[in-house]
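Here is how the chains run, residue by residue.
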Amino acid sequence: MVDSHDPESAESCSLTEDDVEPKLKYVRLSNDIKNILSEEAISCIAVHPRFLCLGTHWGRIHMLDHQGNCVHTIINIKENAHILSVNKISVDSKGEHIATCSDDGKVVISGLYTDENNQTLSTGKIIKAVELDPQHHRSGAGRKFIIGDNKLVLYEKTFLKGLKSTVLSDSEGQVTAIKWNGQFVAWASSLGIHVYDLNEKCSLGFIQWEEPKEGKLTDYRCNLNWSNPTTLLIGWVDTVRICVIRKRNAIEVSTRNLPVHIVDPMSTFQTDFYICGIAPLETVQLVVLGYSKERDSETNKALRPILCVLQYNASDYIEICTDSLSMRGYEEYKCDDYHLDCLIDENQYFIVSPKDVVVANLYETDDRVQWLIEHGKFEQAMEVITKHGGKYSLITVARLYLDHLLSLQQFDEAARLCTRVFGNDKQLWEEEVYKFVKVKQLRSVSSYIPVSDECKLNPHVYEMVLYEYLQLDPSGFLRLVKEWPPHLYKTKAVINAINDHFNKKDANILLEALAILYTHEKDFELALTMYLKLQHKDVFELITTYNLYGMIKDSIVQLIELDSERAIAMLLKDKIPAEDVVRELEQHEQYLYRFLDAYDKVDNSDRFHWRLVNLYARYEPDKLLPFLKRSNNYPIQEAYDICQKLLFYPEMVYLLDKMGSTREALSIILHNLQNVQMAIDFCKDHDDMDLWNDLINESVDKPHVMTKLLNSIAGFIDPELLVNKIQPGQEIEGLKEAIIKMLCGYSLQVSIQEGCNEILDSDYFDMHEHLVRVQQGALSVSDDHLCGVCRRDIIVSKDNMRADIVMFNCRHYFHENCLLDKYNLEFCIVCNSKKMGKPPAAGS
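Values in this document were obtained by computation on a predicted structure and should not be read as measured data.

The strand order β18-β19-β20-β21 describes an open sheet built from four strands, whose pairing is antiparallel. Lying at the two open borders of the sheet, with one neighbouring strand each, are β18 (223–228) and β21 (261–270). The mean angle between the axes of side-by-side strands here comes to 25 degrees, regardless of whether they run parallel or antiparallel.

Ordered by their spatial adjacency, four strands build an open sheet running β2-β28-β27-β26, and the pairing between neighbours is antiparallel. Only two strands of the sheet have a single partner each, and these edge strands are β2 (24–28) and β26 (339–343). For this sheet the average axis-to-axis angle between neighbouring strands, irrespective of direction, equals 25 degrees. Note that β2 and strand β28 (residues 356–362) share five bridges and pair antiparallel. Its bridge partner being in β28, Y26 is matched across the sheet by A360.

Enumeration over the complete set of coordinates arrives at 18 aromatic pairs. On the basis of an interplanar angle of 40 degrees and a centroid distance of 5.0 Å, the ring pair of F269 and Y317 is categorised as tilted. With F269 in strand β21 and Y317 in strand β25 (residues 317–324), this pair connects stretches of sequence that are 48 residues apart. Of the two residues, F269 and Y317, both sit in the buried class.

On to unusual backbone geometry. Keep in mind that most residues, glycine aside, have a negative phi and that most peptide bonds are trans. For N300, which is not glycine, the phi torsion reads 60 degrees and is therefore positive. The residue N300 is located in the loop between β23 (285–292) and β24 (306–312) in this model. Phi is positive for K440, close to 55 degrees, though the residue is something other than glycine. Counting through the fold element by element, K440 comes out in the loop between α8 (426–438) and α9 (442–445).

Another point: the pattern of salt bridges. Tallied over the entire structure, the rule returns 31 salt bridges. With a shortest N-O distance of 3.3 Å, R773 and E769 are connected by a salt bridge. In this pair, R773 and E769 are both assigned in helix α29 (residues 735–776), four residues apart and thus about one turn of the helix distant. When its relative accessible area of 45% is taken as the criterion, E769 is described as partly exposed.

Moving on, we get to the side chain of D238. Of note, D238 is situated in the loop between β19 (231–236) and β20 (239–247). Note on D238: relative accessible area 10%, which makes it buried. Setting aside residues no more than four positions away along its own chain, D238 makes contact with F269, Q270, T271, F273, Y274, I275 and K293.

A word on a nonpolar patch on the surface. On the surface, a nonpolar cluster with roughly 200 Å² of combined accessible area is contributed by V781, I805 and M807. Structurally, V781 can be placed in the loop between α29 and β29 (805–807).

What follows concerns the packing of helix α7 (residues 411–422) against α8. Helix packing geometry: the angle between the two helix axes and the distance between the axes. Where α7 contacts α8, the two axes come as close as 11 Å, and the packing angle between them is 175 degrees. For the element pair α7 / α8, the angle class is roughly antiparallel. The residues of α8 that touch α7, namely those facing F411, A414, A415, C418, T419 and F422, are L428, W429, E432 and F436. Here the residues of the contact of α7 with α8 are counted per class, giving eight nonpolar, one polar and one charged.

Our focus in this paragraph is helix α11 (residues 474–483). Within α11 the residues assigned to the buried category are P474, G476, F477, L478, L480 and V481. Buried-residue contacts for α11 involve α10 (459–472), α12 (491–500) and α13 (507–520).

About the thresholds
Residues numbered from 1 in each chain as written. Predicted model: local features only at pLDDT ≥ 70, side-chain atom pairs only at ≥ 80, totals over all residues. Heavy atoms only, no water. Pairing = 2+ DSSP bridges. Helix = DSSP H or I, 4+ residues; strand = E, 2+ residues; numbered from the N terminus. Axes fitted to C-alpha atoms, helices over the stretch in contact; angles between N-to-C directions. Phe/Tyr/Trp six-rings, centres within 6.5 Å; stacked < 30°, edge-to-face > 60°. Buried < 20%, exposed > 50% of the residue type's maximum accessible area, 1.4 Å probe, protein only. Salt bridge = Lys/Arg side-chain N within 4 Å of Asp/Glu carboxyl O. Contact = heavy atoms within 4.5 Å. Patch = residues over 30% accessible without salt bridge, like charges linked within 9 Å, V, L, I, M, F, W, Y side chains within 5 Å. Areas by Shrake-Rupley, 256 points an atom, 1.4 Å probe, with all protein chains shown as cover. Parallel < 35°, antiparallel > 145°, perpendicular 65-115°, else oblique. Nonpolar A, V, L, I, M, F, W, Y, C, P; charged D, E, K, R; others polar.

Structural data, given as structure tokens:
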């Protein structure tokens, strides 16, 4: 437990880099252990799930619980087990017996609850290592234990309660460490590490260790630990080696007489520090207690020990985290003064120095979250909570995160956090949004604040956002007024706020916002006024959406000035009488022209055509002639006067032609337009000899005109009329070619007429011959045919007697008896009666 009164309490016993998340948390043991450490110094430790067992340099053994309280057992009551430092303590798996050894040469095995199987062995040699059989508590297991001096010896209790010893190995020097796990025993000598198989009673191999660069191998304690029944962890000097015991191939064992098992090194790597202890953590992770190779630069004393979490591979490792431990008196200690033991199943690690015991535990979910919060890593904290849960709620951390972001002025991040975490929780939004009010940053959250019906906040919240925008960002205020549905806030309150804070600088923005708000309030007249005052094109959408045509009669000119195309398109919808529009546009002829031009395309009444003549003439003369040609609803004389005034000769020609003044029209073509081809085409269209004579007379003294006439009149007038007008000796360019072309054309025309006559004659005789053949052909008579006089079946007579039948080519059928004059059968009486206008006489 933490000693809150100790200046070197748990808070100060670890120093970790601030940006690296720790894997372990630390607690310095206090309670009764403080009294022990005040008098003695710890030399070794053994940890069991039920208790701790400490050995001191005074040769004493202390039993404590995991909180540092003394446990009253037989061992605590006894006098000192040893007279010199305790080198090693071993506990069986049940925690019923412990074995201790010392430099005094004694090995003591004591029961914690009974002294029935206690043993004291005096070897007369320095004993650095002792190990109890994990099954020592079982009466039938032989109460075995192993000790090491200059050899490795197995002791077991015999039937007569004596001790039988078996030398397992003559070691190469002092045995310094032993670890027993099931059938396998690992121990370290002065040269390296051995693994012995107790079942096979043979060594599985020797792992030789290299001498360190500084000092000797025997200057450093070898640290052994089993992470599972077949994996051995070794930490010695500054090198870590992980070995796995595996079975050999059965064929290899039988043929070569080799042990069943073999030791395979699977990972070896070197650290930057000396190793004081090693323990497993996760699958490929270790906890290593280290002693720095460097010294304090000022005092040349030892640095703090470190506890590292390493993730290893075949030949290297990754440092997950490293904690610097502020152990009491660390400046004076050497590497072997520190010990590490662990409870693997509980992931609990005990770090021991002569004057301190610190317990390290894996960070649990709540510990991790707390550390992440304290170090400002809120995103990671929220991820941990989402994945693993714990006492911290996601909302609690999110609120702290929000405060953190606001303090850093990361307002957009804070707003996005609200959306991500609060979702549609109305209460949370209403509580946390006030944090943005305090820093005047409601604008940052405006894009994220919920506006749906599923999560509609108090109207006051939206009004606060709008009010802040109104004061600090009028453009953003207008954007929100456009985006937000009006039912979120009280529009009248916002209108009043605009009126209270109206300024000329932002007049246009505020007027547009007022127009939108008045629209929400259904005050369309004010909204329309605002839009027109702004000359804003949204006025058209307002008018069409809410059918405000009755309000715009006096604003037609303003609307056209704003956007003539949209305004005219709107005016063409017959919502406003065209007469009213024309009346409003009387003083604006150009607007009137645009309206009437568009109106003419959708209206068939031609009622404004009389005005369009003058308007086309003024604003778009190119459209005048097509208009004159397609319309009949304008005063021709007035149109002519306008065209005459403006010298629109093609239009004058068309109007004179329409009025019947074709000779005057031809004169304009010849004298004003001077278009000979047009004059020729004009004469051809009218086929009037007077026009041809006028054209010929005008052409007599103009050789180039005469040539064009000669090339064009063939088929329309007698060429002799034109040729006779040519004066003897008059020079006409291209006359010969023109006359030849004219004669060829005339000859071709005669030839075509003759060919047509031949074709007509041939067709006549062919059709007459076909008619005769058809009329000579047989005609079928069936029950469906009726007599044209009696209207009975033609095949059976009225007295059910067969009668002769008379048939005509016109497909009328008669009983011979029904005809009045059966000897005069030149004409069908039905067809003849129709010609005469009389009905045929019916037979009796």
